[in-house]
Amino acid sequence: MTTIASSMKTYGNFIDGKWVPASSGNTSENRNPADNRELLGIFQRSAGPEVNLAVEAADAAFQKWSRVPAPRRAEIIIRTAAILEERKDEYARDMTREMGKVLKETRGDVQEAIDTAYYFAGEGRRMFGLTTPSELPNKFALCSREPVGVCGMICPWNFPMAIPSWKLFPALVAGNTCVIKPAEITPLSLMNLVGAMTEAGVPPGVVNVVTGHAHEVGAVLTQHPLVRAVSFTGSTEVGRIIGESCSRSFKRCALEMGGKNPMIVLDDANLDLALDGALWGAFGTAGQRCTATSRIIVQKGVYKRFTEELAQRAQTLRIGNGLDESVDIGPVVSKTQMETVLHYVEIGRREGARLVCGGERFDTAECGHGYFVEPTVFTDVDPKMRIAQEEIFGPVVALLPCNSLEDAIQIANGVNYGLSSALYTRDINRALEAIAALDAGIAYINAPTIGAEVHLPFGGVKQSGNGHREGGVGALDFYTQWKTVYIDYSDRLQRAQIDRPE
Ligand code: ADP
C-alpha cells in the first residue's frame, strides 16, 4: 500500500486517488488490543479541511462515474472481490491485530465483504426499475433508479471491513461517489479494502477515506452541503445526533444503531443446540456485535439446567490473542471499552443480579498487555435492571426466567431497542406466533441472534434504526432514487385525471 511517508506505518487520508496528510499535522496511533505494545500504524487525525477536499473530489468524480454503465461499474466490484479472496488471510490477520476478534471471525468479516461485492456486482445487470400502464393512450410510463450523489459513510469498529463493504459496494454500483470515515481505532481494515478497490480500478475521487475523530471528521461530513446521503452504523446516541443534523439539510440518512437482543429458550427446545447458540451469540466477537445475544429469556422448566450448563461451558472458552487458532475469545477493542464492560458488571452486581461466572479482567501473563474480559453470565436478572435494558457491547449476558412464551415476548419487547431476536423451540406454531410478535427487524428460529447474510435486508426497529435497511434490496433502495418518466407519443395535449378517454 502506498503511504505518505517512507515508513510503511504512516497512512494518509485517501483523497482523489492520492495519499494526503491532515493539514494540522496531527496523527493517531493504531495499537493491538491484545497487546498494546504493538503499533500497527500511524493514521491521520483529520478535520474540516480534509473532509472538504474529500467531498469536493467525490462531487467532481460523480459527474463521470454516474455515467459509466452500471455493468462496467460492477466489473470493478467483481475484480475487487477477487483481490479480497486472494488476500483474505492477510487482511484477516491485520484485522485481528487491529481490533482483536479471533481469526475465524476476521476471515468471516473479509468473506462478508467478498459476498457483498458479488451480490451487488450482480445488481450492475439488474437494478430493476418498473414500467406500468399510463391512464392515457399513446403514453408510456416508467421508473428507473438513479444515483443519489455524494454519500457520506460513518463506520464503527466491530466489523471494520464488512460494514464499509455494505455501504461502499451498493453505493458504487448504483453510481454514487463516497467519502467514508472508519472508526478512529480501526482504520487499517478500511485502508485494505479501499486499497483493493483502487487496484481493481475504482477511479480517483470515487471513494475517498478520511480518518480521524468522531465530530472532527464525522460531524463535518454529515453537515457538508454537497453530501446528499449519510449512512451511519454505531451507537444510538450518536445516531440521534447525526439524524438531527441530516434532517436540517434534508439529507437522506440511514441509521443502524444499538441492540439488546433477546434469545428465548422454551421448555421444549433442543437444549444443547440452544446452549451452543447462546455461547456463540453472547461471546462471539467478545459480545461486540450490535446483534449480540445480550439477554437470554429461559422458561422455568429448563432455567436451572440451562443456567448451570451455560456458566460451565462459558468457563471452558479459551481467552487469548485472536491470532492463536485455538483461542475462542479475543480482547475487547480498547481500554475504554474494557472499562465500560467492567463498569456494567459492577452495575449488575449492585442491582442484585447473580454473577455465576466471569466478571473480571483477564490478565494472566500473555494477556497482561491487552484488554481481555472473562465471559460473564448473570442470572436471576430482573427485566428492569440496567444490565437487562442497556447495550453493554462486551462478553456479558443476562439470563431472565419466564413462565410462558407470552411472558417471554413481553420481556423481549420491553426495551428501547429492536434489532435482532431469537427463539428456540420445536413447536412450529409457537415459532410462527413469536416471529409475528417480536418487535425486532430480524428474528431467528433455532439459531442465535447473530449470523446475518448479505443478500437479505438488515436493520432494526425502535431505537435500533430509522426504517432503512442495509443488505439486499434495502441497500439499493437507499443508494438510489427514483426517476419517474412519462413519454407521451400521442402528439396532443393529454391531461391526467381530467381527460378520461374510453
Ligand atoms: P462506538 O461506541 O461503536 O464507537 P459510536 O457511535 O461512538 O460507536 O461511533 C461510531 C462512529 O461514529 C465512529 O466512526 C465515530 O467516530 C463516529 N462518530 C461519533 N460521534 C460522531 C458525531 N457527533 N458525528 C459524526 N460521527 C460521529
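Residues numbered from 1 in each chain as written. Predicted model: local features only at pLDDT ≥ 70, side-chain atom pairs only at ≥ 80, totals over all residues. Heavy atoms only, no water.

1. Notes on the overall build of the protein
On a plain count of helices and strands, the protein comes out with 15 helices and 22 strands. A globule of 502 residues ought to have a C-alpha radius of gyration of about 23 Å, and the protein, at 24 Å, matches this closely. By its C-alpha atoms, the protein is 80 × 70 × 40 Å across when sized along the principal axes. By the burial criterion, 56% of the 502 residues in the protein qualify as buried. Carbon and sulfur atoms form 52% of the exposed surface of the protein, whose accessible area is close to 20,300 Å². Here the protein carries 51 positive and 59 negative side-chain charges, and the mean point of each set is 3 Å from the other. (Helix = DSSP H or I, 4+ residues; strand = E, 2+ residues; numbered from the N terminus. Rg over C-alpha atoms; globule rule 2.2 N^0.38 Å. Buried < 20%, exposed > 50% of the residue type's maximum accessible area, 1.4 Å probe, protein only. Areas by Shrake-Rupley, 256 points an atom, 1.4 Å probe, with all protein chains shown as cover. Lys, Arg positive; Asp, Glu negative; His and termini not counted. Charge placed at Lys NZ, Arg CZ, Asp CG, Glu CD.)

2. Describing the site of the ligand
Cys155, Trp157, Lys181, Glu184 and Ser235 are the nearest of the 16 residues found near the ligand. Within the contact set of the ligand, an oxygen atom lies 2.8 Å away from a backbone nitrogen or oxygen of Cys155. For the ligand, an oxygen atom lies 2.6 Å from a polar atom in the side chain of Ser235. For the ligand, the protein covers 81% of the area, taking 560 Å² as the surface of the free molecule. Only α7 (214-223), β11 (227-233) and α8 (236-248) provide two or more residues apiece to the shell around the ligand. Looking at the shell around the ligand residue by residue, the classes come out as 10 nonpolar, four polar and two charged. (Near = heavy atom within 4 Å. Polar contact = N/O pair within 3.5 Å; in protein donor to acceptor, adjacent residues only side chain to side chain. Nonpolar A, V, L, I, M, F, W, Y, C, P; charged D, E, K, R; others polar.)

3. Concerning the environment of Asp267
Along the chain, Asp267 falls in the loop between β13 (261-265) and α9 (271-283). Measuring from C-alpha to C-alpha, the distance between Asp267 and Val302 comes to 5.6 Å, with 35 residues separating the pair along the chain. Each residue touching Asp267, except ones within four places of it in the same chain, is listed here: Gln299, Lys300, Gly301 and Val302. Separated by 3.4 Å, the side chain of Asp267 and the backbone nitrogen of Val302 make a polar contact. (Contact = heavy atoms within 4.5 Å.)

4. Remarks on helix α5 (residues 162-173)
Taking 1.5 Å per residue as the helical rise, α5 with its 12 residues ought to reach 16 Å, and the 17 Å between its terminal C-alpha atoms agrees with that figure. Along α5, 12 of the 12 residues are buried, which leaves the element largely enclosed by surrounding structure. Within α5, the full set of buried residues consists of Ala162, Ile163, Pro164, Ser165, Trp166, Lys167, Leu168, Phe169, Pro170, Ala171, Leu172 and Val173. Residue Gly175 follows α5 closely and has a positive phi angle near 100 degrees. (Expected span 1.5 Å × (residues − 1).)

5. Re the pairing of strand β5 (residues 35-44)
Relative to β5, strand β1 (residues 10-11) runs parallel, the two being bridged by two bridges. Within the sheet, the bridge partner assigned to Tyr11 lies in β5 and is Phe43. Where strand β4 (residues 27-32) meets β5, six bridges bridge the pair, whose relative direction is antiparallel. Paired with Glu29 across the strands is Ile42, a residue of β5. From the end of β4 to the start of β5, which pair antiparallel, there are two residues. (Pairing = 2+ DSSP bridges.)

6. Topic: the sheet that holds β13
For sheets, the rule is that strands pair by backbone hydrogen bonds, running either parallel or antiparallel. One open sheet holds the seven strands; their spatial order is β15-β16-β17-β14-β13-β19-β20, and the pairing between them is mixed. Of all the strands in the sheet, the pair left with one neighbour each is β15 (354-357) and β20 (442-445). Adjacent strand axes in the sheet meet at a mean angle of 25 degrees when their direction is disregarded. Sheet analysis places β13 next to strand β14 (residues 293-299), joined by five bridges and oriented parallel. What sits directly across from Asn261, in β14, is Thr293. Taken strand by strand, helix α14 (residues 428-437) contacts β14, β19 (420-424) and β20, and its axis lies near 165 degrees from that of β19. (Axes fitted to C-alpha atoms, helices over the stretch in contact; angles between N-to-C directions.)

7. Observations regarding the sheet that holds β5
With mixed pairing, three strands are arranged side by side in an open sheet as β1-β5-β4. If you trace the sheet from one side to the other, it starts and ends with β1 and β4, each paired once. Together, β4 and β5 form the strand contacts of helix α3 (residues 88-99), whose direction differs from that of β4 by roughly 100 degrees.

8. So, unusual backbone geometry
At Asp491, a residue that is not glycine, the phi angle is positive and equals roughly 65 degrees. Looking at the secondary structure, you find Asp491 in the segment after β22 (480-488). Located in the positive-phi region is Gln497, a residue other than glycine, with phi close to 70 degrees. Assessed through its relative accessible area of 59%, Gln497 is described here as exposed.

9. So, the packing of helix α2 (residues 70-86) against α5
Orientation of α2 relative to α5, taken along the N-to-C sense of each, is 150 degrees, at an axis distance of 8 Å. In terms of axis orientation, α2 runs roughly antiparallel to α5. On α5, the residues that touch Ala70, Arg73, Ala74, Ile77 and Thr80 of α2 are Phe169, Leu172 and Val173. Considering only residue class, the contact of α2 with α5 consists of six nonpolar, one polar and one charged. (Parallel < 35°, antiparallel > 145°, perpendicular 65-115°, else oblique.)

10. Notes on the nonpolar core
Among the nonpolar cores identified, the biggest contains 126 residues, and Leu168, Ile296, Phe306 and Leu310 are the most heavily contacted of them. Listed in part, the 21 residues of the second largest apolar core include Val51, Ala57, Ile154 and Leu255. (Core = buried A, V, L, I, M, F, W, Y, C linked by side-chain atoms within 4.5 Å.)

11. Section: the packing of helix α4 (residues 103-123) against α5
Relative to each other, α4 and α5 sit at 15 degrees, their axes nearing to 9 Å. Put simply, α4 runs roughly parallel to α5. Between α4 and α5 lies a crossing of right-handed hand. Across the interface between the two elements, Asp109, Glu112, Ala113, Thr116, Ala117, Phe120 and Glu123 of α4 pack against Ala162, Ser165, Trp166, Phe169, Pro170 and Val173 of α5. (Left-handed = near helix turned anticlockwise from the far one by under 90°.)

12. A look at the packing of aromatic side chains
Under the defined criterion, the tally for this structure stands at six aromatic pairs. Ring centres of Phe14 and Trp19 lie 4.9 Å apart, and the angle between their planes is 50 degrees; on these two criteria the pair is classed as tilted. Across the ring face of Trp280, the terminal group of Arg289 is positioned such that the distance to the ring centre comes to 5.3 Å. (Phe/Tyr/Trp six-rings, centres within 6.5 Å; stacked < 30°, edge-to-face > 60°. Lys NZ or Arg CZ within 6 Å of the ring centre and 35° of its normal.)

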